[in-house]
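Below, each chain spelled out in residue letters.
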Amino acid sequence: MTFFRESFLHKNTDSTCRAAGLTAHIIVTPRVPAQGQDWIRSYDGNVWMVSRSDERWPLMGKLVRERGFWPAGNFHVPPVGSNPFGVQGLKTIAYELVEELGEAPDAVIVPTSRGDLIWGIWEGFRECRTRGEISHLPRMVAVEPFPRLTRVLHGEDWRGQFEGRSSLASIDGFTVTYQAVAAVTESGGTAVSVTDQEVAWAWKEAARSGLLLESSSASVLVAVLRLVNSGWLKKEESVVAIGTSHGFKERSPHERDQ
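So, how was this worked out
Residues numbered from 1 in each chain as written. Predicted model: local features only at pLDDT ≥ 70, side-chain atom pairs only at ≥ 80, totals over all residues. Heavy atoms only, no water. Helix = DSSP H or I, 4+ residues; strand = E, 2+ residues; numbered from the N terminus. Rg over C-alpha atoms; globule rule 2.2 N^0.38 Å. Buried < 20%, exposed > 50% of the residue type's maximum accessible area, 1.4 Å probe, protein only. Contact = heavy atoms within 4.5 Å. Areas by Shrake-Rupley, 256 points an atom, 1.4 Å probe, with all protein chains shown as cover. Lys, Arg positive; Asp, Glu negative; His and termini not counted. Charge placed at Lys NZ, Arg CZ, Asp CG, Glu CD. Axes fitted to C-alpha atoms, helices over the stretch in contact; angles between N-to-C directions. Parallel < 35°, antiparallel > 145°, perpendicular 65-115°, else oblique. Left-handed = near helix turned anticlockwise from the far one by under 90°. Nonpolar A, V, L, I, M, F, W, Y, C, P; charged D, E, K, R; others polar. Phe/Tyr/Trp six-rings, centres within 6.5 Å; stacked < 30°, edge-to-face > 60°. Lys NZ or Arg CZ within 6 Å of the ring centre and 35° of its normal. Salt bridge = Lys/Arg side-chain N within 4 Å of Asp/Glu carboxyl O.

We now examine the overall build of the protein. Within the protein one finds twelve helices and eight strands. In terms of overall dimensions, the protein is globule-like: its C-alpha atoms have a radius of gyration of 18 Å, near the 18 Å expected for 258 residues. Overall, the protein is about 50 × 50 × 35 Å in size when its C-alpha atoms are taken along their principal axes. Counting all 258 residues of the protein, 50% fall into the buried class. Within the protein, residue pairs in contact and separated by at least 24 positions form 64% of the contacts whose partners lie at least 6 positions apart. Put simply, the protein shows about 12,500 Å² of open surface, and 53% of that area lies on carbon and sulfur atoms. Distance from the positive charge centre (28 side chains) to the negative charge centre (31 side chains) of the protein: 4 Å.

Structure below.
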């Protein structure tokens, strides 16, 4: 058996398991749309419902310990990120960027919750630098829906709880992981917290350009503009903004406001 967390809509884990002859057991909250839950069941996946995101971890831990499930996501408190095998796979994003660009960009902007993605990309760039494939390392920027890493970078303990409200379901949550802090600090990067209103504008701008993003992914556009306006990013620098999921994952910001 395999076990996956709510990020299934990013990773297509339900279809991957089905192709491998395995059953995906996926914990979701009511924020996951009914359409998404139907996708899981269409691949013979099992849906487990909890009321809020952090309730996934105790349930997953119980299933791992008592029923022998293989975890792809975090089940520790405080959280430590997803299964290391999955995080290692995220390094290939850096490999692809180096192959495409011929060099590392000056900055990489990443929608961030637990920090699996930003850490995996950072690890990939470090490996490329060690092999002599790039001449410099990029600064890593974590985009968050309310101040979490931002507060840690200003001196708060990363093991604390960071309460906030946001409609950006894929990057919400009240905790910070060590690997997220490390990716930002080791690279000389930063964290940017965005508002729902800013992201709604960015979502529409991306859609007008022919790019339909999930709102959590559209958050990177807000971060880029803010960092350019503040002077942290120079207009001549090369920047990669990571879009992690398609807009079909959710209702549009306009529909959510109705």
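The next point concerns the packing of helix α6 (residues 91-101) against helix α7 (residues 116-130). Here α6 crosses α7 at 50 degrees, and the two axes come no closer than 6 Å. Taken together, the axes of α6 and α7 lie oblique to each other. Between α6 and α7 the crossing geometry is right-handed. Of α7, the residues touching α6 (which contributes Lys 91, Ile 93, Ala 94, Tyr 95, Leu 97 and Val 98) are Leu 117, Gly 120, Ile 121, Glu 123, Gly 124, Phe 125, Glu 127 and Cys 128. Here the contact of α6 with α7 is built from residues that sort into nine nonpolar, two polar and three charged.

Turning to the packing of aromatic side chains, a few remarks are in order. Considering all chains together, one arrives at two aromatic pairs under this definition. Directly above the ring of Tyr 95 sits Arg 131, whose terminal nitrogen or CZ lies 5.3 Å from the centroid. A cation sits over an aromatic face here: Arg 139 above Trp 232, 4.4 Å from the ring centre.

What follows concerns the pattern of salt bridges. Applying the stated criterion across every chain yields a total of twelve salt bridges. Measuring nitrogen to oxygen at the nearest pair gives 2.5 Å for the salt bridge that ties Arg 139 to Glu 237. Separated by 98 residues along the polypeptide, Arg 139 in strand β6 (residues 139-144) and Glu 237 in the loop between α11 (215-230) and β8 (239-241) bring together distant segments of the chain. On the accessibility criterion, Arg 139 (19% relative accessible area) is buried. Exposure remark for Glu 237: the relative accessible area of 22% places this residue in the partly exposed category. Notably, a salt bridge pairs Glu 205 with Arg 208, separated by 2.6 Å at the nearest N-O pair.

Worth remembering: the numbers are spatial, not functional.
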